[in-house]
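Spelled out from the first residue to the last, the chains are:
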Amino acid sequence: MKSSYYTILLSLILVACGSNKKPDLAEIDNTLATEEASFPEISSANIESILSSIPHPLELAVHVQESGIEYNSAYLNSTDNYSNYNTSNKKALNLGIYGADLGYTNIYSQIQDGLDYLTVVSKLSDDLNIGQFLDFESLRRLTDNNSNLDSLLMITSQNFDRINGHFVDQNNASLSTLLLTGGWLEALHITNQVMLTQMDNEDLRERIGEQKIVLDNIVLLLTVYSEHDAQIADLLADMQRLEEAYQSVTISYKYEESTSEIVDGVLEIISNSTSEVSITDDDITKISAIVEEVRNKIIG
Amino acid sequence: MIYFKLKNKKNFKNLDMKRLVFFIAVLFFSTSISYGQCDAAGKAAGCAPNPDSGYTLIKSFEVDGKGGAKEKIEYSYVFTKGTKYLVNVCGGAKTPDGVVVTLYDKYRNKVASNNVDGKVVPAISYPCSATGIYYITYTFVESKDYCGGSTIGFKRAG
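Residues numbered from 1 in each chain as written. Chains lettered and ligands numbered in written order. Predicted model: local features only at pLDDT ≥ 70, side-chain atom pairs only at ≥ 80, totals over all residues. Heavy atoms only, no water.

Draft legend 1. Just the overall build of chain A, in detail. Of the regular secondary structure elements, chain A holds twelve helices and four strands. Taking the intrachain contacts of chain A between residues at least 6 apart in sequence as the baseline, contacts between residues at least 24 apart amount to 73%. When the accessible surface of chain A is split by element, carbon and sulfur atoms take 50% of a total near 13500 Å². (Helix = DSSP H or I, 4+ residues; strand = E, 2+ residues; numbered from the N terminus. Contact = heavy atoms within 4.5 Å. Areas by Shrake-Rupley, 256 points an atom, 1.4 Å probe, with all protein chains shown as cover.)

The structure is reproduced here in C-alpha cells:
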C-alpha cells in the first residue's frame, strides 16, 4: 500500500517536473497516425501547442479588406441565430464564428454591427461560463464615446486568446478547439466569398491555398476528441472532406538564411526564405462549396 | 545479532524512505512556491505592441522558467507571407531580463533571435516571406527572474 503511495507521489512529481521540450507537430501527427482506433494519448501541453498555432481570424480579414471590396454584412452569421445554439459544442463553434465576424466589423469600422456582434459574443460567453473574460457592461459604458469603439472591439477580440487558455486549464480543450475551428472557418468563408467575386486576386488565392496548413492542424485536434463526441466526429468527417478538396493544392518552401539589423532597439529581420502556393480555380470552387456546406450546418 | 542487524537494516530502510518522501515533498512544494512567484500572464498582458506602431495584437504567450528549472518554453504559430510580425519580449521592468526568443521554421532552421552577439533586444520585427508553421522558442540567458511574457502583433507588410 505504502509503495503504491510512493509510486503515485513520485509519478506526480515527475509529471510536475516534466519535459521542457514540446514535441514537433510532425511528431504528434505521427503518434496520432499510429494510434488508429484507440483514443490518442496526447498531453495538454501538446494540445496547447497545436491550439496556439492556429492563426487569428483577423489576419485573413485584413487581407480581405485590402482587396478593396466593400463591407458586406451578408457574409456574416446573423445575430438572430444565437437562440438556435443549445449545446456547448454549438455555442463554442458559433462563439468562434461570431468572434471572427466581430473582428470583420471592427476592421471595417462598422460600429452598430460591431455592437450587435459584441452582444451575442457576450451572451455566448456567459452561456459557456467564460463571461469573466468579457466585461461587457464596462465595454458598453466605454462605447458611449464612439471614438473608443475600435480599441474596445480589438480588446474583445484579443480576449479570445485568454478564453482559449482558460478552456485548456479547465481540461475543456475540446471547446477551445471548436472555438478556434469556428473562427478559422468563418474567416475562410469570408475570404472565399470575396475571392469568388475577384478570381484574379492573387493575394487572396494564395491565402486560401495556405489554409491547407491550418486545416491539417485542425483535423489533428478534432481527431483527438472525435472518439468520445459524436458531434465532433461529424465535424471531423466534414473537415476531412475539406482536406480532400485541398489535396491537389501544393505549397513549396525554400529556406534561405535571414539577415538582420537593430533599428531603434528592434531587431529588423530581412527574410530570404520563400514559399509558393499552387491552387487552381477549380480547387477554389470546390473548397468554397464545402466550406459553405459545413458552415451552414454549424450556424443553422 | 543477525536479528538485530536485520532490524536495524529495516529501520534504516524506513528512515531512508521517510527522508526520500520528505525530500520529494520539499522539492514539490518549493517548486510550487516558485511557480506562484512568476506572473507570466501579467507580464504578457503588459507586453502589447505600442498602439502607434500600427501592429494589432494577435497572440500573447506566458514565459515561466519556473525560477530556472525550466530551460525552454516553446509555442508555434502559422506565419503568413506578406504579413509583418512584431514579437515583443518582456521580462524586467524595462528590459527582457535575459528572456531570449528564437524563431525556427518548420524544419527547425533558425530564422531569427533577439540575442544578438550577447545583447538581448526587446523586440523582433519579422516580415514573413514564406508561409508555414514557425516554432517560437523562449530560453534564458543571465536572467534574474526567469519570468516573462511575450506577444505577437501583425500588420500588412509593404
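So, next bit.
Draft legend 2. Representation of the state of the cysteines within the structure. Residues and elements named next belong to chain B. Tallied over the entire structure, the rule returns two disulfides over all chains. Across the disulfide from Cys38 sits Cys147; the S-S distance is 2.1 Å. Measuring handedness by torsion sign, the sulfur bridge of Cys38 and Cys147 sits at about 85° and is right-handed. Of this pair, Cys38 sits in the loop between α1 (2–37) and α2 (40–45) while Cys147 sits in strand β10 (residues 147–156), placing them 109 residues apart in sequence. Judged by relative accessible area, which is 13%, Cys38 ranks as buried. The class for Cys147 is buried, based on a relative accessible area of 4%. One disulfide in the model links Cys47 with Cys90; its S-S distance is 2.2 Å. As the torsion about the S-S bond is roughly 90°, the Cys47-Cys90 disulfide counts as right-handed. With Cys47 in the loop between α2 and β1 (56–64) and Cys90 in strand β3 (residues 83–90), this residue pair connects regions lying 43 residues apart in the sequence. Sequence-ordered numbering of the bonded cysteines in chain B yields a pairing of 1-4, 2-3. (Disulfide = S-S within 2.5 Å. Buried < 20%, exposed > 50% of the residue type's maximum accessible area, 1.4 Å probe, protein only.)

Draft legend 3. Just the interface of chain A and chain B, in detail. Each side of the interface is counted separately: chain A has 47 residues, and chain B has 53 residues. Of the roughly 4400 Å² buried where chain A meets chain B, counting both sides, 57% is carbon and sulfur surface. In this structure, the connection of chain A to chain B is made through four salt bridges. For the salt bridge of B:Lys81 with A:Glu206, the shortest nitrogen-to-oxygen distance reads 2.9 Å. For the side of chain A that touches chain B, the elements supplying multiple residues, two or more each, are α1 (2–16), α3 (44–53), α4 (57–66), α8 (149–169), α10 (202–226), β3 (266–270) and β4 (274–278) of chain A. At seven residues, α10(A) tops the list of elements feeding residues into the side of chain A that touches chain B. Pairing of β3(A) with strand β8 (residues 123–127) of chain B involves three bridges; the strand directions are parallel. Its bridge partner lying in β8(B), A:Glu268 is registered against B:Ser125. (Buried area = accessible area lost by both parts, 1.4 Å probe. Salt bridge = Lys/Arg side-chain N within 4 Å of Asp/Glu carboxyl O. Pairing = 2+ DSSP bridges.)

Draft legend 4. Molecular detail of the nonpolar core. Judged by nonpolar contacts, the single largest core of 109 residues is most densely connected at A:Trp184, A:Met239, A:Leu242, B:Phe79, B:Ile136 and B:Tyr138. Element by element, the count of residues in this core is highest for α10(A), at twelve residues. Excluding residues that lie within four positions of it along the chain, B:Tyr138 makes contacts with B:Phe61, B:Val63, B:Glu71, B:Lys72, B:Ile73, B:Tyr75, B:Val87, B:Val99, B:Val100, B:Val101 and B:Ser150. (Core = buried A, V, L, I, M, F, W, Y, C linked by side-chain atoms within 4.5 Å.)

Draft legend 5. Summary view of the confidence of the model for chain A. Residues and elements named next belong to chain A. Model confidence for chain A is summarised by a mean pLDDT of 83, while 79% of its residues fall at 70 or above. Low pLDDT, under 50, characterises residues 1–23; the stretch is placed with 22 contacts to residues that sit more than four places away or in other chains. Ignoring residues within four places in sequence, the model shows residues 31–39, a span with pLDDT below 50, making ten contacts including any to other chains. (pLDDT = per-residue confidence, 0-100.)

Draft legend 6. Region of the structure containing the sheet that holds strand β4 (residues 99–104) of chain B. If you trace the four strands from one edge of the open sheet to the other, you get β2-β9-β4-β5 (chain B), paired in antiparallel fashion. Edge positions in the sheet fall to β2 (73–79) and β5 (110–113) of chain B, since each has one partner strand and no second. Across this sheet, the average inter-strand angle for adjacent strands is 25°, counted without regard to direction. With three bridges joining them, β4(B) and β5(B) adopt antiparallel strand pairing. Residue pairing in the sheet places B:Tyr104 in a bridge with B:Lys110 of β5(B). The sheet contacts of α3(A) involve β2 and β9 (132–140) of chain B, and relative to β2(B) the element is tilted by about 30°. (Axes fitted to C-alpha atoms, helices over the stretch in contact; angles between N-to-C directions.)

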